[in-house]
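Architecture at a glance
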Amino acid sequence: MPLFLIFSILFALWVRYEIRKTSKTEEESNAGFIEREQRANFVRKADISALDYIRVPLDSLPFSGGFAEVKASYSLPSSISEAVRAEIMSCEKAVISISNKKILNLGGISNTDIKFQYGAANLPVLMQYDENFAKLSRTLAKWARLLFEEDEFDAAEKILTFSVACKSDIEEVFIMLAKIYRKNGNELGISGLVSACDCFDEFRRQNIIDNITSI
């Protein structure tokens, strides 16, 4: 039998073995996941009243509009266009609205883990609280961006600082705040921002840190 044919047969057998081994591993993994999910569905409802809910500090954010919930603490420069002004006001209203809801950053915890920790019956409401956090994070980022682009750095910094404190994982938030810190020569702020990058997963963290430190 030609040597080439022997190697071809051996290679085909090896490939077949590897495919079967991978399939078996995937089946075992899927079976383990299904079993764990089934067990999670029977975890009793826990008390979630004392969780680390996020409170929006309305009194320390730079609101420019006159709202019943909060007094205006910041005046928008007259140079800002009406279109941008309207967008800023929309963000302010959205933040106030979200502040009246329960907000919780679950930090990428899987639904299965949520059920194990807090009970399956709490999953829907906790997902809603986490969605409130996502909406808050996106709104804060947009609000800060609008001010940042108008060179209103002090006002933007207040919003961005709160967003980082909430462990928002929006990269733009960290980049804008790093630019403000660098502009002001705040090296301590840069260092603290690098430490705050632990809210990102390991695949994004180093890239964000590199961007922050290279500004």
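Preceding this section is the structure that the text describes.
Structure report, in brief. Keep in mind it's a predicted model, so treat the numbers as computed, not measured.

Turning to helix H8 (residues 202–213), a few remarks are in order. Helix length check: H8 (twelve residues) gives 17 Å between terminal C-alpha atoms against 16 Å at 1.5 Å per residue, within 8%. On the buried face of H8, the contacting elements are helix H6 (171–183) and helix H7 (187–195). Where H8 begins, one side-chain oxygen reaches toward the backbone nitrogen of Phe-203, 3.0 Å away; that side chain belongs to Asp-201.

The next thing to look at is the side chain of Lys-115. Among the structural elements, Lys-115 can be located in helix H3 (residues 111–118). Beyond its immediate sequence surroundings of up to four residues, Lys-115 is in contact with Glu-37, Ala-40, Asn-41, Val-43, Ala-120 and Leu-123.

Take the state of the cysteines next. Evaluated as defined, the whole model comprises zero disulfides. Of all cysteine sulfurs in the structure, the one in Cys-197 sits closest to Cys-199, which takes part in no disulfide; the separation is 6.5 Å.

The next subject is the packing of aromatic side chains. Tallied over the full model, the rule gives four aromatic pairs. Here the aromatic rings of Tyr-53 and Tyr-129 are separated by 5.8 Å at their centres, their planes lie at 75°, and the arrangement is edge-to-face. Of this pair, Tyr-53 sits in the loop between helix H1 (3–40) and helix H2 (82–99) while Tyr-129 sits in helix H4 (residues 123–149), and the two are 76 residues apart along the sequence. Residues Tyr-53 and Tyr-129 agree in their burial class; the two are buried. In this structure, Lys-102 packs its charged tip against the face of Tyr-53, placed 5.1 Å from the ring centre.

Conventions used here
- Residues numbered from 1 in each chain as written.
- Predicted model: local features only at pLDDT ≥ 70, side-chain atom pairs only at ≥ 80, totals over all residues.
- Heavy atoms only, no water.
- Helix = DSSP H or I, 4+ residues; strand = E, 2+ residues; numbered from the N terminus.
- Expected span 1.5 Å × (residues − 1).
- Contact = heavy atoms within 4.5 Å.
- Polar contact = N/O pair within 3.5 Å; in protein donor to acceptor, adjacent residues only side chain to side chain.
- Disulfide = S-S within 2.5 Å.
- Phe/Tyr/Trp six-rings, centres within 6.5 Å; stacked < 30°, edge-to-face > 60°.
- Buried < 20%, exposed > 50% of the residue type's maximum accessible area, 1.4 Å probe, protein only.
- Lys NZ or Arg CZ within 6 Å of the ring centre and 35° of its normal.

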